[in-house]
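Summary of the model geometry
Listed below, chain by chain, are the residues.
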Amino acid sequence: MRTRKTIAVLGATGMVGSRVVTEARARGHRVVALSRKPAHDDPAVTPLAVDVSDPGAVRRALADSTAEAVVLAVRTFPADRDFLVTATRTVLDEAAHLGIRVLVTGGAGALRSPGDPGLLVADNPAYVPPEVTTTAAAGVAQLRTCRTHAGADWVYLSPPALLEPGPRTGRYRRGTDTLLTDADGRSWISAEDLAVAVLDELENPGPDRHFTVAHRPG
Ligand SMILES: NC(=O)c1ccc[n+]([C@@H]2O[C@H](COP(=O)([O-])OP(=O)(O)OC[C@H]3O[C@@H](n4cnc5c(N)ncnc54)[C@H](OP(=O)(O)O)[C@@H]3O)[C@@H](O)[C@H]2O)c1
């Protein structure tokens, strides 16, 4: 039987965060929805306004949430590497202090290229066009922040190259630190199925600190 958890979602109003909230609620978990402008009409979702740039506010929000896990799903437009690294370090620091597990929904850029393990996706023009290299590099720096953090219990989920709203199939392929592609070379998943993978990992932690998922045809 599934154990009911309390899960904090930081970036709960975003594309990924909102799907994680929906999936968590569908599985009966209690959710604390964190962002600067939170909104929710589900009584089992507690909205809490917090700016991740304010470590004291993050500490109070996580402590008040009594969450067992926090999903970090924030980003800015345009991508801001310093913001992302600082936000990630803040959440890792506060979560470590409180003994909360952190699941970071990060970037595909931090993965290895299929067939060329020495080449990060962030540096591979086949997957990362010039206009998104800054975003991809921010994800690489974010994973490094996790790897170099002493004390936090973290797991980093890299999406495939394309992550967008779509159907929830409930299926996905799971890999480790190499980008997953299908037979046509496409690397994608719906945000809904990514959320399925997030909840599966929170309910039954896998062996990998860095993993990825991709669409699995029926
Ligand atoms: N293929 C890929 O690699 C890929 C593709 C898409 C996304 N992603 C990753 O997935 C994660 C989530 O992305 P997304 O598309 O869901 O982002 P999004 O839709 O832009 O949502 C961003 C969220 O962050 C919150 N936020 C922004 N600044 C904040 C702050 N200072 N304090 C608190 N909350 C803040 C926003 O809420 P408020 O404005 O209310 O604060 C919002 O809920 C990111 O790490 C992103 O890089 C990866």
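Here is what the cut-offs are and how they apply
- Sequence positions are assigned chain by chain, starting from 1 and proceeding in written order.
- Residues qualify for local features only when their pLDDT is at least 70, as the model is predicted, and side-chain atom pairs are given and counted only at 80 or more; totals for whole chains, interfaces and linings, by contrast, use all residues.
- We call a residue near a molecule or strand when the C-beta position, derived from backbone atoms, sits within 6 Å of it.
- Under the scheme applied here, ten amino acids are nonpolar (Ala, Val, Leu, Ile, Met, Phe, Trp, Tyr, Cys and Pro), four are charged (Asp, Glu, Lys and Arg), and all others, including Gly, are polar.
- Residue burial here comes from a neighbour count, namely the number of other C-beta atoms, placed from the backbone, that lie within 10 Å of the residue's own C-beta, with 20 or more meaning buried, 12 or fewer meaning exposed, and in between meaning partly exposed.
- For helices the rule is a DSSP run of H or I covering at least 4 residues; for strands it is a run of E covering at least 2, with both sets numbered from the N terminus onward.
- Here is how to tell: hold the view so the strands point away, follow the path from the first strand over the helix to the second, and if it runs clockwise the crossover is right-handed.
- DSSP calls a pair of strands paired once it identifies at least 2 bridges connecting them.

Quick notes on the site of the ligand
- Taken together, 26 residues lie near the ligand, and G11, G14, V16, S35 and R36 sit nearest.
- Here the shell around the ligand is built from residues that sort into 11 nonpolar, 11 polar and four charged.

A short note on the pairing of strand 5 (residues 101-105)
- Counting buried positions along strand 5 gives four out of five residues, so the element sits mostly inside the fold.
- A crossover connection joins strand 4 (residues 69-72) to the parallel strand 5 through helix 3 (residues 81-98); in handedness this β-α-β unit is right-handed.
- Looking at chain direction, strand 5 and strand 8 (residues 154-158) are connected through four bridges and run parallel. Pairing of L103 across the sheet is with V155, part of strand 8.

Some thoughts on the pairing of strand 12 (residues 210-214)
- Inspection of the sheet shows strand 8 paired to strand 12 by three bridges, in the parallel sense. Looking at the pairing, S158 lines up with T212 of strand 12.
- As paired elements, strand 10 (residues 173-175) and strand 12 share three bridges and run antiparallel to each other. Bridge pairing links R174 to V213 in strand 12.

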